[in-house]
Every structure is written in structure tokens, then in C-alpha cells.
Amino acid sequence: MEKLRRYLAQKLRLVDLPTNDQNNESQQLVLSKLSLDGIVEYIKENTNCKIITMAGAGISTSAGIPDFRSPSSGLYHKLDKYNLPHPQAIFDFNFFMKNPEPFFTLAKELLPEGFKPTISHYFIRLLSEKGLLLRHYTQNIDTLERVAGLSSDKLVEAHGTFHTGHCLKCRAPYTLLWMKEKIIEGIIPKCEECNEGVVKPDIIFFGEMLPERFRILADRDFIHADLLIIMGSSLVVQPFASLIDRVRNTCPRLLINNEKVGTQDRLSRFLGLRQGLVFDVKSAHGGRDVAWLGDCDTGCQLLADKLGWGDELRALIQREHERLKVEDKSDN
Ligand code: CNA
């Protein structure tokens, strides 16, 4: 069986098979315990720990923004009224070019209007303030990382953002405020420069290229990470999902999510590929991945508490939510 595995892996050029030394290295436990406590110990021992966080819609659901795939509450379960050929069509670029109306109707529900960042967003900001955040990669388009005060150099919005928009014909730029007015009134935003093009928020649809910043920084960052924290994502959208495999073999990976996701599939396991999260310590590539299953906010607050930052996080949230309340009042 081992011979067959090595033969297939080499023939298919799927992987550089590890030497015995590399095998031994990967089989050693990177963490003293495969639990949140093991992660906490690891962060405390590595004073200059460079952490990358990766997030999906699950860090924003407690703010009131539905995710895509959660059963019954996810957006894909609420799209019947739009009469789409399939749920993903609402974010399909070719479909949008033919019929932008369903997207703009849905956009009303997704607009960053009055939503407050969650504990998870402020935990990421706290990591940054502590000098531990190498970068935050988000699939979210809701701008809540910006609202939480995460600096733009620490942020990669892999699927774009509602923060800005462009005319699809003449590329004239538009602000969120301008687009929001139209979308809330139920009007499809049309360019005021060329009077022809539809103004589309700068979110990335299926069939569009990801931002250049994503490619450049992902190539640079992941190899330097000492810890990867993945939160609130189903890890099904590529190429974002496979970023988890770009950290070093010895970099621990913590998943904070309602369910186990991104796990190694059987073929990868059979071929000995380093693909996917491996929570089974007996596996050749086990020993560094931890799954904390539950709500992202609870997981982040617990992690902060265990690191001794719990009160700091609570105070940051209280201060920032007060500030947003005052800003909201002065806007109205
Ligand atoms: P998804 O596929 O909907 O998966 C969300 C994951 O998070 C699932 O595994 C859920 O079980 C889990 N989850 C949901 N709520 C919580 C919670 N409170 N605590 C812990 N886990 C939770 O979403 P992904 O982000 O993985 O998919 C990528 C898409 C979703 C991107 O293209 C986004 O643009 C898109 N999206 C973004 C938003 C947003 O910006 N807030 C909202 C909806 C969809």
C-alpha cells in the first residue's frame, strides 16, 4: 500500500514526498496539548508570535448579517423570491451583467448599515494592538473589520468590499454612501459620469479576479506565520480556502467555528498530501491542528480570557460601541 501511495503521488506530481527526517519532524507534536490551552501556551511562549487570522461570514452573524450556508438562517436558503437559476447566480458576474436587480435587492440586507462589529472583530483588532497580527484575511464584504478599527495595512479583503464601487462602463469611482442611498431607495445605481454603466460595489463575484493585494500578500505572508487562526468560514470558496495549506508544516492552526471544516479528504490522506486540517493526532500530518467548536464570539472571548486579555477586550468593545452609538446619533 505504501509503495502504491508513493508511486501515485510521484506519478501525479502531486507532492514532494517527505524524507524520513521531514516525516519525523511533522509527526512531532508542535503543541504541548491539542486544545485551546495548548494554543494559549504556544502564544505565551512565543513572545513575537506572528499570527494570521482568516475569517468568513461566521464572524459577522452575531452582528445580524446572515452567512451563506448555515442551514435555515443562511442566505442561500432565503433566495426563493429572487427566482434564480441557482443560489450562487446572485453573485455570478455574467448573471449580474444580464440582470443586476436580484443582487441589489439582496444588497439591502447585506449593507453595512447600523451593524456593529462583533467580539471576534475586536479580538482581531486586539491581536493587532498587541503587535501579534501579521495580517487578517477576510472573505467578508461587510466592512466590519474597518468599522472595528483594524488598520488597512493589516487587512486583506480577499472578496472585495462594499466600501467602494465602480461604474462597470467607465470605471468612475463611487463611495459606499452614494451607493447606499440608491440601494436603500430600491434604485439600481447608474453612473452619473457616463450615464450608462451600472455602479457595482467592489465586491468580487464568481468569475471575477481576486484583488492583486490578495495574491501579493498571500505569497509573502503565509510562509512567515507562526500561528493561523481560522474563524467562521466553511472553507469551501477557493482560492481562499487553500490558504490554510500555505503556512509552514510546523505552524499550528486553530479553527474556531460551529462545525469542523477544511478537513483533509481521503484521497489527500491516502496520497500523503499536506492538504486540509488534520485533527487526528495519529495521522502523519497531525499534531498541530486544533478545532474549537462553537460560536466565534465565545471562542474569541475565551481565548482572550485564557491569555489574560479578557477585561481588555471587554473594555475595548464597550468603548468602541459607545463611540459608534454617538457617531450614529450625529449622522441621523
Ligand atoms: P459560509 O459558507 O456561509 O460559512 C460560514 C461558516 O461559519 C459555516 O461553517 C457556519 O457553520 C459558520 N458559522 C456561522 N455563524 C457562526 C458563528 N456565530 N460562530 C461560529 N461559526 C459560525 O461563509 P464563508 O465566509 O465561508 O463563505 C465565503 C463567502 C461568504 C464569501 O464570498 C463572502 O463574501 C460571503 N458572505 C459574506 C458575508 C459578510 O460579509 N458578512 C455574508 C454572507 C456571505
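Look up: the structure comes first, before these words.
The model shown is predicted, which means the values in this text are computed figures rather than measured ones.

Enquirer: Outline the environment of Thr263, listing residues and values.
Expert: With respect to the element layout, Thr263 can be found in the loop between β8 (253-257) and α10 (266-271). Exposure remark for Thr263: the relative accessible area of 41% places this residue in the partly exposed category. In sequence terms Thr263 and Leu235 are 28 residues apart; their C-alpha atoms lie 9.3 Å from each other. Beyond its immediate sequence surroundings of up to four residues, Thr263 is in contact with Gly276, Leu277 and Phe279.

Enquirer: An account of the nonpolar core is needed here, citing residue identities and associated values.
Expert: Counting 37 residues, the largest nonpolar core has Phe123, Ile229, Met231, Leu254 and Leu303 as the members making the most contacts within it. Those elements that place two or more of their residues in this core are α3 (36-45), β1 (51-55), α6 (119-129), β7 (227-231), β8, β9 (289-293), α11 (296-307) and α12 (310-331). Ranked by size, the runner-up nonpolar core spans 35 residues in total, among them Leu75, Tyr82, Phe96 and Leu110.

Enquirer: Could you give an account of the packing of α3 against α11, naming the residues involved and the relevant values?
Expert: Where α3 meets α11, the axes come as close as 10 Å, and the angle between the chain directions of the two elements is 50 degrees. By the angle class used here, α3 and α11 are oblique. When the axes of α3 and α11 are compared, the crossing they make is right-handed. Counting all contacts with α3, which are made through Leu36, Asp37, Ile39, Val40, Ile43 and Lys44, the residues of α11 involved are Leu302, Leu303, Lys306 and Leu307. Split into classes, the residues belonging to the contact of α3 with α11 amount to seven nonpolar, no polar and three charged.

Enquirer: I'd like a description of the sheet that holds strand β4 (residues 160-167), backed by residues and values.
Expert: Two strands in a sheet stick together by hydrogen bonds in their backbones, pointing the same way (parallel) or opposite ways (antiparallel). The strand order across the open sheet formed by three strands is β5-β4-β6, and the pairing between neighbours is antiparallel. Across the chains shown, the open sheet's two edge strands, defined by having one partner strand only, are β5 (173-175) and β6 (199-203). Taking each pair of neighbouring strands and ignoring which way they run, the sheet shows an average axis angle of 40 degrees. Note that β4 and β5 share three bridges and pair antiparallel. Each bridged residue has a counterpart across the sheet, and for Thr164 the counterpart in β5 is Thr175. Packed onto the sheet, helix α5 (residues 101-110) meets β4 and β6 and runs at close to 50 degrees relative to β6. Lying over the sheet, helix α8 (residues 176-185) contacts β4, β5 and β6, oriented at roughly 75 degrees with respect to β5.

Enquirer: Run through α11, naming residues and quoting values.
Expert: Under the 1.5 Å per step criterion, the end-to-end length of α11 is 16 Å for 12 residues, consistent within 8% with the ideal 16 Å. Along α11, the residues classified as buried are Cys296, Asp297, Gly299, Cys300, Gln301, Leu303, Ala304 and Leu307. The positive-phi residue at the C-terminal boundary of α11 is Gly308, with phi of around 85 degrees.

Enquirer: Summarise the site of the ligand; cite the residues concerned and give the values.
Expert: Near the ligand you find 27 residues, and of these Phe68, Arg69, Asp142, Ser234 and Glu259 are the closest. A distance of 3.0 Å separates a nitrogen atom of the ligand from a polar atom in the side chain of Asp295. With respect to the ligand, the backbone of Cys296 contributes an N or O atom lying 2.9 Å from a nitrogen atom. If the ligand stood free it would expose 860 Å²; the protein chains cover 95% of that surface. Looking at the shell around the ligand residue by residue, the classes come out as eight nonpolar, 14 polar and five charged. Residue contributions to the shell around the ligand reach at least three from each of two domains, namely domain 1 (29-63 + 118-159 + 212-331) and domain 2 (66-112 + 160-203).

Parameters and conventions
- Residues numbered from 1 in each chain as written.
- Predicted model: local features only at pLDDT ≥ 70, side-chain atom pairs only at ≥ 80, totals over all residues.
- Heavy atoms only, no water.
- Helix = DSSP H or I, 4+ residues; strand = E, 2+ residues; numbered from the N terminus.
- Buried < 20%, exposed > 50% of the residue type's maximum accessible area, 1.4 Å probe, protein only.
- Contact = heavy atoms within 4.5 Å.
- Core = buried A, V, L, I, M, F, W, Y, C linked by side-chain atoms within 4.5 Å.
- Axes fitted to C-alpha atoms, helices over the stretch in contact; angles between N-to-C directions.
- Parallel < 35°, antiparallel > 145°, perpendicular 65-115°, else oblique.
- Left-handed = near helix turned anticlockwise from the far one by under 90°.
- Nonpolar A, V, L, I, M, F, W, Y, C, P; charged D, E, K, R; others polar.
- Pairing = 2+ DSSP bridges.
- Expected span 1.5 Å × (residues − 1).
- Near = heavy atom within 4 Å.
- Polar contact = N/O pair within 3.5 Å; in protein donor to acceptor, adjacent residues only side chain to side chain.
- Areas by Shrake-Rupley, 256 points an atom, 1.4 Å probe, with all protein chains shown as cover.
- Domains from an automatic or database assignment.

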